[in-house]
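Descriptive analysis of the structure
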Amino acid sequence: MLDFDWRPRLNTVTRNAWGLTFGDGIQAAEPTPSEQITQGLHRDLHRFGPQIGANPVLLVPPLAAPAQCYDLRPGQSLAAHLLERGRTPYLVDYGTMTSADRGLGFEAWVDDIIPEAVRHVSELHDGAPVDLIGWSLGGTISLLTGAAHADLPIRSISAIGTPVDYREITAIAPLRAIGRITGDRPLTAATWALGGLPAPVVQASYRVTALQRELTKPWFIARNLHDTETLARMESIDKFMAAMPGYPARFFHQVCTQLILGNTLTAGQFRLGSRTVELSALSVPVLAVGGTDDVIAPVASVARITDVLTGAPSVRFETAPGSHLGLLAGPGAKQTTWAHLDEFLSETAPQLV
């Protein structure tokens, strides 16, 4: 009979149990090395790794999500993957939102923050066009920026888990039903008073969308106390959700009135102040990826993008397994979402120099 040494496994279980309860966690954070290039209010620009070649990529986060969504940990970092593929990834970080930012809406990002970042990154690469990658509402912001500013040096836009048809999002169906009767006030009155949607509310809302994960978490931990890598992935997601900032009041109001209740993107339009941005004006190649297990941006909602970008030279739609965050940074993202990105970026910039 084989003599099985159970002591290493017991040591791992004990260490992981301690880390999750009384210790400092399973693994310390290991962010991909980066350098801050510029600093400004809600617009800190970072570059991962050295400046190489003429193939810059700008990672555009959504609001109400930490910028580290693109660099959770080793193996869950799109930024590190892009570096490995010979590209130069940049990230614009909005920082924390407070009640003083209550007046910031989509205009601030579409007309100012993102265009400034695109121009600066392009200048650092001798005028080379920039590939934009946006997750969730970061994809919405990227698409609107490209449509509103045809003069920007944008090579392509990739929208990951970016909803277009909000009628297809079952989780917000009750809000849409109430809104048809009452308008937007029940959704937005409190946020105007507070200056925005507070971070704890955003964090709780995200947890509700992953209710099964939250309910089964104790059993998941018990079954995987011997598996440090699995628990480290779980821990990175928990830390990510705990760091979610809030929405500025005006931005949240626009999300409610135009996206959730108005569903304006299905008509290819979005109002910015006194003007309307037409998505048909977007004239660069676009990739959209929808997650088969995503309840925040279901596949049917994401797929509608192929109907509204009528001016783009190509609109490629792909699906991949994963939840909303898992689509971007899950354990299988490298073989699915990131592989779609690699192929798409190679098509738009076939020669890495």
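Scoring rules and cut-offs
Residues numbered from 1 in each chain as written. Predicted model: local features only at pLDDT ≥ 70, side-chain atom pairs only at ≥ 80, totals over all residues. Heavy atoms only, no water. Helix = DSSP H or I, 4+ residues; strand = E, 2+ residues; numbered from the N terminus. Buried < 20%, exposed > 50% of the residue type's maximum accessible area, 1.4 Å probe, protein only. Areas by Shrake-Rupley, 256 points an atom, 1.4 Å probe, with all protein chains shown as cover. Pairing = 2+ DSSP bridges. Axes fitted to C-alpha atoms, helices over the stretch in contact; angles between N-to-C directions. Parallel < 35°, antiparallel > 145°, perpendicular 65-115°, else oblique. Contact = heavy atoms within 4.5 Å. Nonpolar A, V, L, I, M, F, W, Y, C, P; charged D, E, K, R; others polar. Phe/Tyr/Trp six-rings, centres within 6.5 Å; stacked < 30°, edge-to-face > 60°.

Helices and strands together make up the secondary structure of the protein, namely 14 helices and twelve strands. By the burial criterion, 52% of the 353 residues in the protein qualify as buried. Carbon and sulfur atoms provide 57% of the accessible area of the protein, an area that totals close to 15600 Å².

Let us now look at the pairing of strand 10 (residues 275–278). Both strand 9 (residues 269–272) and strand 10 contribute to a ladder of four bridges, which runs antiparallel. By the bridge assignment for strand 10, F270 is matched with V277. Taking the residues that link successive antiparallel strands as the turn, the strand 9-strand 10 hairpin has two residues, and the phi of G273 there is positive, at about 60°.

A few words now on the packing of helix 3 (residues 106–124) against helix 4 (residues 137–148). Running from amino to carboxyl end, helix 3 crosses helix 4 at an angle of 70°, the nearest separation of the two axes being 9 Å. Of the possible angle classes, the one that applies to helix 3 and helix 4 is roughly perpendicular. Contacts between helix 3 and helix 4 involve F106, W109, V110, I114 and P115 from the former and T140, I141, L144, T145 and A148 from the latter. Here the residues of the contact of helix 3 with helix 4 sort into eight nonpolar, two polar and no charged.

Under the counting rule described, the total for this entry stands at four aromatic pairs. Where F106 meets F251, the ring centres are 4.1 Å apart and the plane angle is 15°; that geometry is what we call stacked. Note that F106 is positioned in helix 3 and F251 in helix 10 (residues 249–261), a separation of 145 residues in sequence. Accessibility classification places F106 together with F251 in one group, the buried group. With centroids separated by 4.7 Å and ring planes inclined at 55°, the aromatic side chains of F106 and F270 adopt a geometry described as tilted. Of this pair, F106 sits in helix 3 while F270 sits in strand 9, placing them 164 residues apart in sequence.

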